[in-house]
There are 2 protein chains.
Amino acid sequence: MIADLEITRLREGGGKGFEKVFAFLRERLLAGSLRPGDRLIPERDLAAQLGVSRPILREALRALTVLGVVEIRDRVGTIVRRPDPSVLNDFFTFAFAQQSDVVDDVMQARIAIECQAVRLAAERATVSDFEKLQQALARIVETIDDPDGGSAADFDFHRTVVNTGKSETLIVLHNSLSGILMRSHRGRRELLQVFDSMKTYLIEDHRRIFDAIVGRDPEHAEKVLREHFAIGDDFRRRAAIGESEARSAS
Amino acid sequence: MIADLEITRLREGGGKGFEKVFAFLRERLLAGSLRPGDRLIPERDLAAQLGVSRPILREALRALTVLGVVEIRDRVGTIVRRPDPSVLNDFFTFAFAQQSDVVDDVMQARIAIECQAVRLAAERATVSDFEKLQQALARIVETIDDPDGGSAADFDFHRTVVNTGKSETLIVLHNSLSGILMRSHRGRRELLQVFDSMKTYLIEDHRRIFDAIVGRDPEHAEKVLREHFAIGDDFRRRAAIGESEARSAS
DNA sequence: GTATGTATTCTGGTATGACCAAGGTAAGAG
DNA sequence: CTCTTACCTTGGTCATACCAGAATACATAC
């Protein structure tokens with residue numbers, strides 16, 4: 001599986017050092033002459049063929065690594081991978097790290113993704129999916145009094161719904177966005193204690209989403225999910241108000 | 001503006017070499033102790049403080065560069081940048097270079113983004129936005145007989161709609177996804193000639209979307225947009241059938 | 001002939017030290 | 001005080017060397 005890169009004169013005009021190497025590999029990757037599963041020739045040889053030193057080559061390989069295009073396996077070699085969506089996670093994390101006020105904005109994207117996914121889920125779900133969803137639903141009920149586990153179960157249910165939609169792109173995006181939301185707003189569920197009515201809302205809403213999917217009703221599924229988000233937002237709003245009132249009263 | 005990284009003992013447990021450095025910088029970036037505009041200390045010093053060699057440090061720096069987090073300026077220094085969404089474009093390009101059959105799947109994500117954005121657009125649009133939308137709509141009408149310009153105008157209208165939603169996240173995602181769709185499926189509009197009825201469909205649909213936004217009706221806006229996508233999909237399907245029939249007849 | 005254990009080779013991971021070119025800056029000339 | 005210039009800084013790159021573990025070949029034992 002050694003991919004011998006048939007270096008064809010490697011035009012000198014293409015930038016210096018790193019840029020040259022990176023552009024070369026990038027082109028090979030995009031053109032398809034390097035395919036997932038291929039193993040590159042050893043760093044030393046490749047560096048020699050490309051006319052650069054090993055550190056420079058490694059910079060380029062490392063750059064491709066963070067893009068998820070290749071994988072450098074210690075004492076094995078560099079192999080081409082199918083781009084791993086998890087790098088999106090990295091990027092989004094960086095991109096939205098600075099401004100924490102964008103959480104609400106990211107939430108808009110999550111709503112977008114889930115609402116589309118739930119439609120697809122209602123159309124594409126298999127019996128196996130139904131079971132998974134039911135299990136996820138059961139976990140929500142079980143952990144309703146456990147803030148930590150409850151949050152996980154909630155997240156898991158939504159993730160299962162998106163998976164049921166069977167759209168790779170939606171799944172990838174949802175994972176990335178969820179990561180951001182969990183990191184920057186972890187414990188948003190902790191205000192569960194405040195409103196006891198929230199418990200029934202949580203259970204009932206998710207059950208209605210499940211029912212809509214089982215009922216093969218995309219339209220209704222999205223409607224319920226959207227309401228679910230809206231109500232959750234409302235709860236958070238009221239909690240925030242209550243919190244600030246509590247603070248000002250103390 | 002020099003960011004002196006007050007290395008605090010840098011716990012040794014965090015992986016070896018590159019991983020350690022990358023994790024360290026990542027943490028600083030995410031925590032906010034390194035902010036956009038800051039300039040890192042020179043590579044030599046930083047490498048020394050981190051206890052790694054310069055090549056290794058440069059690997060980490062280069063990795064952050066491809067993520068758009070920092071910028072290495074020749075003979076000036078390494079400065080922290082606000083992550084550039086264009087990195088997403090790069091990634092998606094890699095990710096979907098191999099399998100071109102994922103276009104339909106990416107389309108699902110685009111629909112998701114736009115349907116959410118059009119809701120927000122209906123709520124948040126300003127008079128200025130109305131004008132921009134109207135101009136975009138006018139361009140669609142003007143270029144209805146021009147395949148090239150028409151495609152651009154179509155895309156531009158949708159982009160304007162998403163912008164009107166004023167969600168940074170949705171805008172970024174939409175841009176990236178649009179890039180993929182344009183690259184891998186450019187000229188999907190070329191089948192315009194086939195169905196003359198498509199012209200009226202194009203104009204009328206976009207006008208209805210515009211009206212719904214102006215009418216501040218998120219629900220209806222999404223409904224119309226969704227139908228717009230569905231009909232477009234149907235057109236493409238029929239065109240594909242007609243094309244294959246034409247081929248088999250020849 | 002097969003299986004097992006060992007030695008050699010290959011490969012990535014890292015460190016050192018050095019050289020170059022050009023941006024920045026401060027000392028020196030006017 | 002202004003302007004020029006030499007120096008120092010800083011990224012960009014290279015060459016070499018050593019390490020540790022995976023991969024492989026080989027020799028030995030059964």
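Residues numbered from 1 in each chain as written. Chains lettered and ligands numbered in written order. Predicted model: local features only at pLDDT ≥ 70, side-chain atom pairs only at ≥ 80, totals over all residues. Heavy atoms only, no water.

A.B. asks: Explain the overall build of chain A to me, please; I cannot follow it from the model alone.
C.D. replies: A count of helical and extended segments in chain A gives 10 helices and 4 strands. Mapped in sequence order, the helices and strands of chain A form the string β-α-β-α-α-β-β-α-α-α-α-α-α-α. By sequence separation, contacts in chain A at least 24 residues apart represent 70% of the contacts at least 6 residues apart. Carbon and sulfur atoms provide 50% of the accessible area of chain A, an area that totals close to 12,000 Å². (Helix = DSSP H or I, 4+ residues; strand = E, 2+ residues; numbered from the N terminus. Contact = heavy atoms within 4.5 Å. Areas by Shrake-Rupley, 256 points an atom, 1.4 Å probe, with all protein chains shown as cover.)

A.B. asks: When you look at the relation of the copies chain B and chain A in this model, what are you seeing that I'm missing?
C.D. replies: The relation between the two chain copies is a rotation about an axis coupled with a shift along that axis. In screw terms, the move from chain B to chain A is a rotation of 179° and a rise of 0.7 Å along the axis, fitting with an RMSD of 1.2 Å. The superposition operator between the copies reduces to a two-fold rotation axis. Of the residues that chain B buries at the interface, 100% are likewise interface residues in chain A, meaning the two copies contact each other through the same surface. (Least-squares fit on C-alpha atoms with pLDDT ≥ 70 in both.)

A.B. asks: Would you explain the interface of chain B and chain A in this entry?
C.D. replies: Interfaces are often described in size by the accessible area the parts lose on coming together. On the side of chain A, 51 residues touch chain B, which itself brings 51 residues to the contact. Taking both partners together, chain B and chain A bury about 4,500 Å²; carbon and sulfur atoms supply 66% of that area. Counting every contact that joins chain B to chain A gives 6 salt bridges. Taken together, the connections running from chain B to chain A amount to 16 residue pairs in polar contact (both at pLDDT 80 or more). Of all the secondary structure elements, the ones that give two or more residues to the side of chain B that touches chain A are helix 1 (17-31), helix 3 (54-66), helix 4 (86-95), helix 5 (103-124), helix 8 (168-185) and helix 10 (218-249) of chain B. Of the residues assigned to the side of chain B that touches chain A, the class counts are 30 nonpolar, 7 polar and 14 charged. (Buried area = accessible area lost by both parts, 1.4 Å probe. Salt bridge = Lys/Arg side-chain N within 4 Å of Asp/Glu carboxyl O. Polar contact = N/O pair within 3.5 Å; in protein donor to acceptor, adjacent residues only side chain to side chain. Nonpolar A, V, L, I, M, F, W, Y, C, P; charged D, E, K, R; others polar.)

A.B. asks: How should the nonpolar core be read in this particular structure?
C.D. replies: One recurring pattern in soluble globular proteins: nonpolar side chains tend to sit buried together. Judged by nonpolar contacts, the single largest core of 86 residues is most densely connected at Leu-88, Phe-157 and Ile-213 of chain A together with Leu-88, Phe-92, Phe-157 and Ile-213 of chain B. Apart from residues no more than four positions distant in its own chain, Phe-157 of chain B is found in contact with Leu-133, Ala-136, Leu-137, Ile-140, His-206, Ile-209 and Phe-210 of chain B. In terms of nonpolar packing, the next biggest core, distinct from the first, is built from 48 residues, Leu-46, Val-80 and Phe-94 of chain A together with Leu-34 of chain B among them. (Core = buried A, V, L, I, M, F, W, Y, C linked by side-chain atoms within 4.5 Å. Buried < 20%, exposed > 50% of the residue type's maximum accessible area, 1.4 Å probe, protein only.)

A.B. asks: Got a minute to help me understand the pairing of strand 4 (residues 77-80) of chain A in this structure?
C.D. replies: Moving residue by residue along a regular strand, the side chains alternate between the two faces of the sheet. All names here are of chain A. Judged from the 4 bridges that link them, strand 3 (residues 70-73) and strand 4 form a sheet pairing that is antiparallel. Looking at strand 4, one finds that Arg-73 is bridged to Gly-77. Between strand 3 and the antiparallel strand that follows it, strand 4, lie 3 residues; Arg-75 among them carries a positive phi value of about 60°. (Pairing = 2+ DSSP bridges.)

A.B. asks: Got a minute to help me understand the packing of helix 5 of chain B against helix 9 (residues 197-214) of chain B in this structure?
C.D. replies: When two helices pack together, their arrangement is given by the angle between the helix axes and by the axis-to-axis distance. Residues and elements named next belong to chain B. At a minimum axis separation of 7 Å, helix 5 and helix 9 run at an interaxial angle of 45°. If you check the angle between helix 5 and helix 9, you find them oblique. Facing Val-118, Ala-121 and Ala-122 of helix 5, the residues of helix 9 in contact are Ile-209, Ala-212 and Ile-213. Residues belonging to the contact of helix 5 with helix 9 are distributed by class as follows: 6 nonpolar, no polar and no charged. (Axes fitted to C-alpha atoms, helices over the stretch in contact; angles between N-to-C directions. Parallel < 35°, antiparallel > 145°, perpendicular 65-115°, else oblique.)

A.B. asks: Looking at this structure, how should I read the environment of Asp-104 of chain B?
C.D. replies: Residue and element names in this part refer to chain B. Structurally, Asp-104 can be placed in helix 5. Residue classification places Asp-104 among the exposed residues on the basis of a relative accessible area of 54%. Spatially, the C-alpha atom of Asp-104 lies 29 Å from that of Glu-123, the residues being 19 residues apart in sequence.

A.B. asks: Any chance you could explain the protein's contact with DNA strand C here in plain terms?
C.D. replies: Glu-43, Arg-54 and Arg-58 of chain A together with Ser-53 and Arg-75 of chain B are the nearest of the 24 residues found near DNA strand C. In this structure, a base oxygen belonging to DNA strand C sits 2.7 Å away from a side-chain N or O atom of Arg-54 of chain A. Put simply, the parts of the chain that give the surface near DNA strand C at least two residues each are helix 2 (43-50), helix 3 (54-66), strand 3 and strand 4 of chain A together with helix 1 and helix 3 of chain B. (Near = heavy atom within 4 Å.)

A.B. asks: What is the right way to read the protein's contact with DNA strand D from this model?
C.D. replies: For DNA strand D, the set of nearby residues contains 24 residues, the closest of which are Arg-75 of chain A together with Glu-43, Arg-44, Arg-54 and Arg-58 of chain B. Of all DNA strand D atoms lying within 4 Å of any protein atom, the proportion belonging to sugar or phosphate reaches 63%. For DNA strand D, a phosphate oxygen lies 2.9 Å from a polar atom in the backbone of Glu-43 of chain B. A distance of 2.5 Å separates a phosphate oxygen of DNA strand D from a polar atom in the side chain of Arg-58 of chain B. At the level of elements, helix 1 (17-31) and helix 3 of chain A together with helix 2 (43-50), helix 3, strand 3 (70-73) and strand 4 (77-80) of chain B are the ones that each hand at least two residues to the surface near DNA strand D. Split by residue class, the surface near DNA strand D holds 7 nonpolar, 5 polar and 12 charged.

A.B. asks: Is there a simple way to explain empty space enclosed by the protein in this structure?
C.D. replies: Over the atoms rolls a probe the size of a water molecule, and in doing so it shows where empty space is left. A complete count under the given rule lists 1 cavity of 30 Å³ or more for this structure. Taken as a whole, the largest cavity encloses approximately 40 Å³ of empty space. Every residue along the wall of the largest cavity is listed here: Val-66, Leu-67, Val-87, Leu-88 and Phe-91 of chain A together with Leu-67, Val-87, Leu-88 and Phe-91 of chain B. Across the lining of the largest cavity, the residue classes tally to 9 nonpolar, no polar and no charged. (1 Å grid on protein atoms, 1.4 Å probe; cavity = no way out; pocket = protein on both sides within 12 Å on 5 of 7 lines; lining within 4 Å. Points joined across faces, edges and corners; volume = space filled by probe spheres on them.)

A.B. asks: Where do I start with the confidence of the model for chain A in this structure?
C.D. replies: Low-pLDDT stretches of the model should not have their predicted coordinates read in fine detail. For chain A, mean pLDDT is 83; residues scoring 70 or higher make up 81% of the total. Across residues 2-13 of chain A the pLDDT falls below 50, and counting only partners more than four positions away or on other chains, this stretch makes 22 contacts in the model. (pLDDT = per-residue confidence, 0-100.)

A.B. asks: Which parts of the structure should I look at to understand unusual backbone geometry?
C.D. replies: What you tend to see is this: most non-glycine residues have negative phi, and most peptide bonds are trans. Residue and element names in this part refer to chain A. In the Ramachandran plot, Arg-75 falls in the positive-phi region, its phi being about 60° despite a non-glycine side chain. Mapped onto the elements of the fold, Arg-75 is located in the loop between strand 3 and strand 4. With a phi angle near 55°, Arg-216 is a residue other than glycine that sits in the positive phi range. Relative to the helices and strands, Arg-216 is located in the loop between helix 9 (197-214) and helix 10 (218-249).

A.B. asks: Can you walk me through the environment of Thr-93 of chain A in this structure?
C.D. replies: Residue and element names in this part refer to chain A. Mapped onto the fold, Thr-93 is located in helix 4 (residues 86-95). A residue is classified by how much of its surface remains accessible, and Thr-93, at 8% relative accessible area, is buried. C-alpha separation for the pair Thr-93 and Asp-156, spaced 63 residues apart in sequence, amounts to 20 Å.

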